[in-house]
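Topology and contacts: notes
Next come the chains, spelled out residue by residue.
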Amino acid sequence: GAGVSQSPSNKVTEKGKDVELRCDPISGHTALYWYRQSLGQGLEFLIYFQGNSAPDKSGLPSDRFSAERTGGSVSTLTIQRTQQEDSAVYLCASSVDRVPHQPQHFGDGTRLSIL
Amino acid sequence: KNQVEQSPQSLIILEGKNCTLQCNYTVSPFSNLRWYKQDTGRGPVSLTIMTFSENTKSNGRYTATLDADTKQSSLHITASQLSDSASYICVVSAPSGSARQLTFGSGTQLTVLP
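Presented here is a report on the structure given in the accompanying data block. (Residues numbered from 1 in each chain as written. Chains lettered and ligands numbered in written order. Predicted model: local features only at pLDDT ≥ 70, side-chain atom pairs only at ≥ 80, totals over all residues. Heavy atoms only, no water.)

1. Structural notes on the pairing of strand β9 (residues 86-93) of chain B
All names here are of chain B.
- Burial of β9 is extensive: 8 of the 8 residues sit out of reach of the surface.
- Residues Ala86, Tyr88, Cys90 and Val92 line one face of β9 and the alternating positions Ser87, Ile89, Val91 and Ser93 line the opposite face, and both faces are buried.
- Two strands pair when backbone bridges link them, and β9 and strand β11 (residues 108-113) are joined in this way by 3 bridges, in the antiparallel orientation. In the strand pairing of β11, Tyr88 is matched with Thr108.
- Two elements, β9 and strand β10 (residues 102-104), share 3 bridges in a ladder whose sense is antiparallel. Residue pairing in the sheet places Ser93 in a bridge with Leu102 of β10. (Buried < 20%, exposed > 50% of the residue type's maximum accessible area, 1.4 Å probe, protein only. Helix = DSSP H or I, 4+ residues; strand = E, 2+ residues; numbered from the N terminus. Pairing = 2+ DSSP bridges.)

2. Describing the pattern of salt bridges
- The full count for this structure, using the stated rule, is 7 salt bridges over all chains.
- In this structure, Asp86 of chain A engages Arg64 of chain A in a salt bridge whose closest nitrogen and oxygen atoms are separated by 2.8 Å. Separated by 22 residues along the polypeptide, Asp86 of chain A in the loop between β7 (75-79) and β8 (88-95) and Arg64 of chain A in the loop between β5 (44-50) and β6 (65-69) bring together distant segments of the chain.
- A residue is classified by how much of its surface remains accessible, and Asp86 of chain A, at 2% relative accessible area, is buried.
- When its relative accessible area of 12% is taken as the criterion, Arg64 of chain A is described as buried.
- For the salt bridge of Asp108 of chain A with Arg42 of chain B, the shortest nitrogen-to-oxygen distance reads 2.8 Å. Of the two residues, Asp108 of chain A is situated in the loop between β9 (105-106) and β10 (110-114) and Arg42 of chain B in the loop between β4 (32-38) and β5 (45-51); the pairing between them involves two chains. (Salt bridge = Lys/Arg side-chain N within 4 Å of Asp/Glu carboxyl O.)

3. Digging into the state of the cysteines
- Counting across every chain of the model gives 2 disulfides over all chains.
- Each disulfide pairs two cysteine sulfurs, and for Cys23 of chain A the partner residue is Cys92 of chain A, the sulfurs being separated by 1.9 Å. One disulfide, between Cys23 of chain A and Cys92 of chain A, carries an S-S torsion of -65 degrees and so falls in the left-handed class. Of this pair, Cys23 of chain A sits in strand β3 (residues 19-24) while Cys92 of chain A sits in strand β8, and the two are 69 residues apart along the sequence.
- Cys23 of chain A gets classed as buried once you look at its relative accessible area, which sits at 0%.
- Overall, the relative accessible area of 0% leaves Cys92 of chain A in the buried class.
- Here Cys19 of chain B is not disulfide-linked; the sulfur of Cys90 of chain B is the nearest cysteine sulfur, at 15 Å. (Disulfide = S-S within 2.5 Å.)

4. Some details on the packing of aromatic side chains
- Applying the stated criterion across every chain yields a total of 8 aromatic pairs over all chains.
- Here the aromatic rings of Tyr35 of chain A and Phe106 of chain A are separated by 5.8 Å at their centres, their planes lie at 40 degrees, and the arrangement is tilted. With Tyr35 of chain A in strand β4 (residues 31-37) and Phe106 of chain A in strand β9, the pair connects residues that are 71 residues apart, well separated along the chain.
- The class for Tyr35 of chain A is buried, based on a relative accessible area of 0%.
- Taking 5.1 Å as the distance between ring centres and 20 degrees as the angle between the ring planes, the aromatic pair formed by Tyr25 of chain B and Phe30 of chain B counts as stacked. Exposure class is identical for Tyr25 of chain B and Phe30 of chain B. Each is buried. (Phe/Tyr/Trp six-rings, centres within 6.5 Å; stacked < 30°, edge-to-face > 60°.)

The structure is reproduced here in structure tokens:
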């Protein structure tokens, strides 16, 4: 499709397990972002990839969180040893170029539930 | 600390009525302000982007206004439809170019009733 694709759409896992969330951005978009959205809260920035530059990881909440982007396209967000407070919707977005001038195109997110 | 405050938190209106959502921000310096619509279970979709030199921008029945002096923006929805039921998110960008310089509001949850 033409939009940002995220998988899985829903993920339920037990506390302590590792999870991988996938984002397939719009073709040709050099910028890719991961956000976390908790109920009633604004989007929380996690990590940003721009072309071949080193990613901006300043929003990752702990060293249990990591992300990579292979070949400048698909990105994977990995959460190790999940905790209940990790439960949230994880949104991925891409844009033609870096902020602040370009609109972001969001995927529909992965709803992560930690039991 | 950069902040974006939206009001009201939630709003219920009848189909066909107009409504206005508010966004106040403290982001400085300022580059642009965006309004997004987020349907339940979906990702946000961009409605408008305004730079500091723009006072108003329309997208169909949605009209956004910006007063950069008072650091206020509003989103006006005309002749509301059931499909307008969603969360509306105000996002303010600083000019640094860093992704971290996007500050998101918590959104206004709009419900349009028949």
